[in-house]
Amino acid sequence: MGGFATVLLVIGINIVLAVSLTVVNGFTGQFSMGHGGFMAVGGYVAAMIVYYGSLRLWGSANFAGGFLSSASGDGAWLAGGDVLFVVACLAAGLAAAGAGYLVGLPSLRLKGDYLAIVTLGFGEIVRVVLQGTAPQIARSKADVVRETPVWKLATHLGGAQGFNLLPTYATLFWIYFAAVLTLIVVYRLKMSSSGRAFLSIREDEIASQAMGVNVTKYKVRAFVLSSFFAGVAGGLYAMYLGAINATDLGFQRSFEVIIMVVLGGMGSISGATLAAILLSILPEVLRAPPPVWPAGLALLVVMVIIQKVGISFGLTRGPADGIVLNIAISMRSLRRSWKFKPLVIVAGVTMALETARLVCLQQQIDIAQYRMVLYALMLIIMMIVRPEGLFGVREFWDYLPRRRAHSPSGPVAEASA
Amino acid sequence: MPLLQVSNLHVSYGSIRALHGIDLEVEAGKIVTLIGANGAGKSTTLRAISGMIPSEQGAISFDGHSILGTPPHRLLEQGMAHVPEGRGIFGNLTVEDNLALGAYIRNDRDGIRNDHERVLELFPRLKERLKQSAGTLSGGEQQMLAIARGMMSRPRLLLLDEPSLGLAPQFVQTIFAIIREVNQQGTTILLIEQNAHMALQVAHQAYVLETGAIAMRGPASELAASDEVRKRYLGIA
């Protein structure tokens, strides 16, 4: 599989993770650092079901999927292996949701930093426990697997070596199926009256209580829902890599997801999605930075077209006519009306990046060596320039000028319209 | 029987006694005000009534049922809405969403729509700002929104905690006019105020709270005329 397809798979999994964490960190404003832990719970449950399940059912842990999981064209759309895989992912979600319920309970009393510490502790406990499990039973020993009771199999999770040699069922189809499903569920939730209740908890817990929102119940619900999808993502992750190791799912993993949520804007689904895409691509792009100017130029053209048509971004307001002409006229009009601000920013950033790239090329500096530094630097700049995240607490389409009834509105808005 | 009856209510914050033995009655259809200085326990009384903080001892009954220890979301279902101090509006949500959250516990679409329109008639300024983030409203408008939101649950009893706090004098007049209007439309109101002058003008009954206990009670007009109250709370010699 090519590098590009791999990045697409990672993007899909990260969308599931970021959008699901939005429910806890973005909607209800709790600060959970345990997303990696929930992912690990789900991942191991799915790995166990698929690996030992295959050995029990078919005597081998080889790939036994249909077209949707292999895209190789022969055989049925779905085969036994796919069904086992889907069941495993659902079980992964449920197991993680159960863990989410347990972790959500202390969140009734804890807030902010304190909750963060509890969830961080949970993630570390999961990691350490998984690393302490017994070695995986080898693929060749199907008869041993058959004879071992299920509860005992659950202790053979590979320990520090991780759970390896899994059949890889998680193709683009399944991963994006899960991503779209997550997006739909979370979007529907946000736009519902329950979603409004979630948001009200973030805004003001006391007032939310005064509105009749059962704050306790909703906080736990947020945890359960969010960790369900984290568990599914864990299952997909294991079945895409063909292996899972708890070491990779520690707090650093949780932080990556938190960064996506914060960068996208607290509670913004489209923001979290975009951030998940950008942050999955960024480290790969920085390995060998391609020329920036084509992208910059394309973006500029698109922005000019959008302004011409009368759609403005959040940074600008007011009608935009004759951009090209205006630029030609004088700097005076530029200073007078700052509707060019985004254009100038994009052009400036493009030129700066291109200059930096050329300098590095000329001086024979290997950018790839500094890629994590650059990555961190970009995050810092982003947070300074736009601390509320890409889209703030809103969605992408809220910035389009003629706003449709897209803000979370329920019966009242419909009725009054 | 009064709509709300509080007797011998005790509340403590840790080892600190905030209320020792409050007796209070709110008759249906009336405006009752609770006035007192900073730290007298006004907000504490209100929070204990609406179940946001636990009471140590005493009895609270609403519409004949004991509501001691009932969580706030249940009380709202029974018809008691609390507009918290400092307004507590949801700043990042639109005015419309704030109002919708006020009707969160209700399921009757037509009723909610009617109340939505009724409330907007009462607060025309909010009508102009339905799509705006509530955080961008002025202080007075936010207070209007808080009251409007409280009314969206169609409560029988509205608990108002310092609605005039931090408002320009002109807005204070408007808010009190609205409180009177809301009451005339049939909602009973328990009003907590530092602005004793205004509170005693709109209220029917009044209680004076001093360091956790009721110091005086009576018809508002009588208290407004008493030398003690005039000296201590109205600043008139």
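These notes cover the structure that comes with them.

The next point concerns unusual backbone geometry. Residues other than glycine predominantly adopt negative phi, and peptide bonds predominantly adopt the trans conformation. All names here are of chain B. Positive phi, close to 50 degrees, is recorded for R154, a residue that is not glycine. Within the element layout of this structure, R154 appears in the loop between α6 (139-151) and β7 (157-161). The exposure class of R154 is partly exposed, given its relative accessible area of 47%. With a phi angle near 35 degrees, T211 is a residue other than glycine that sits in the positive phi range. Among the residues examined, T211 registers a relative accessible area of 62% and is labelled exposed.

This part is about the nonpolar core. Among the nonpolar cores identified, the biggest contains 101 residues, and Y52, F163, L236 and M239 of chain A are the most heavily contacted of them. With 14 residues, helix α11 (residues 215-241) of chain A is the largest single contributor of residues to this core. Apart from residues no more than four positions distant in its own chain, F163 of chain A is found in contact with Y44, A47, M48, Y51, Y52, Q136, H156, L157, G242, A243 and I244 of chain A. Core analysis: the next-biggest nonpolar cluster, separate from the first, contains 51 residues, F123, L137, M152 and L200 of chain B among them.

Residues and elements named next belong to chain B. The strand order across the open sheet formed by six strands is β6-β7-β8-β3-β9-β10, and the pairing between neighbours is mixed. Two strands lie at the open edges of the sheet, namely β6 (80-83) and β10 (213-219), each paired on one side alone. Each strand of the sheet is rotated relative to its neighbour by a mean of 15 degrees, with strand direction disregarded. As defined by bridge partners, strand β3 (residues 31-36) adjoins strand β9 (residues 205-210) across five bridges and the pair is classed as parallel. Pairing of G36 across the sheet is with L209, part of β9. Taken strand by strand, helix α1 (residues 42-49) contacts β3, β6, β7, β8 (188-193) and β9, and its axis lies near 145 degrees from that of β8.

Okay, helix α3 (residues 95-102) of chain B next. Extensive coverage of α3 of chain B is indicated by the burial of eight of its eight residues. For α3 of chain B, the full list of buried residues reads V95, E96, D97, N98, L99, A100, L101 and G102 of chain B.

All right, on to the pattern of salt bridges then. Using the criterion set out here, one finds 21 salt bridges over all chains in the structure. Residue R357 of chain A pairs with E354 of chain A through a salt bridge whose shortest N-O separation is 3.4 Å. With a gap of three residues between them, R357 of chain A and E354 of chain A both fall in helix α17 (residues 341-362), about one helical turn apart. With respect to burial, R357 of chain A and E354 of chain A carry one shared label: buried. For the salt bridge of E85 of chain B with R47 of chain B, the shortest nitrogen-to-oxygen distance reads 3.8 Å.

Let's shift gears to the environment of V83 of chain B. All names here are of chain B. Tracing the backbone through its elements, the reader meets V83 in strand β6. Here V83 falls in the buried class, since its relative accessible area comes to 2%. C-alpha separation for the pair V83 and R156, spaced 73 residues apart in sequence, amounts to 13 Å. Apart from residues no more than four positions distant in its own chain, V83 is found in contact with Q143, A146, I147, G150, L158, L159, L160 and D161.

Cut-off values and rules
- Residues numbered from 1 in each chain as written.
- Chains lettered and ligands numbered in written order.
- Predicted model: local features only at pLDDT ≥ 70, side-chain atom pairs only at ≥ 80, totals over all residues.
- Heavy atoms only, no water.
- Helix = DSSP H or I, 4+ residues; strand = E, 2+ residues; numbered from the N terminus.
- Buried < 20%, exposed > 50% of the residue type's maximum accessible area, 1.4 Å probe, protein only.
- Core = buried A, V, L, I, M, F, W, Y, C linked by side-chain atoms within 4.5 Å.
- Contact = heavy atoms within 4.5 Å.
- Pairing = 2+ DSSP bridges.
- Axes fitted to C-alpha atoms, helices over the stretch in contact; angles between N-to-C directions.
- Salt bridge = Lys/Arg side-chain N within 4 Å of Asp/Glu carboxyl O.

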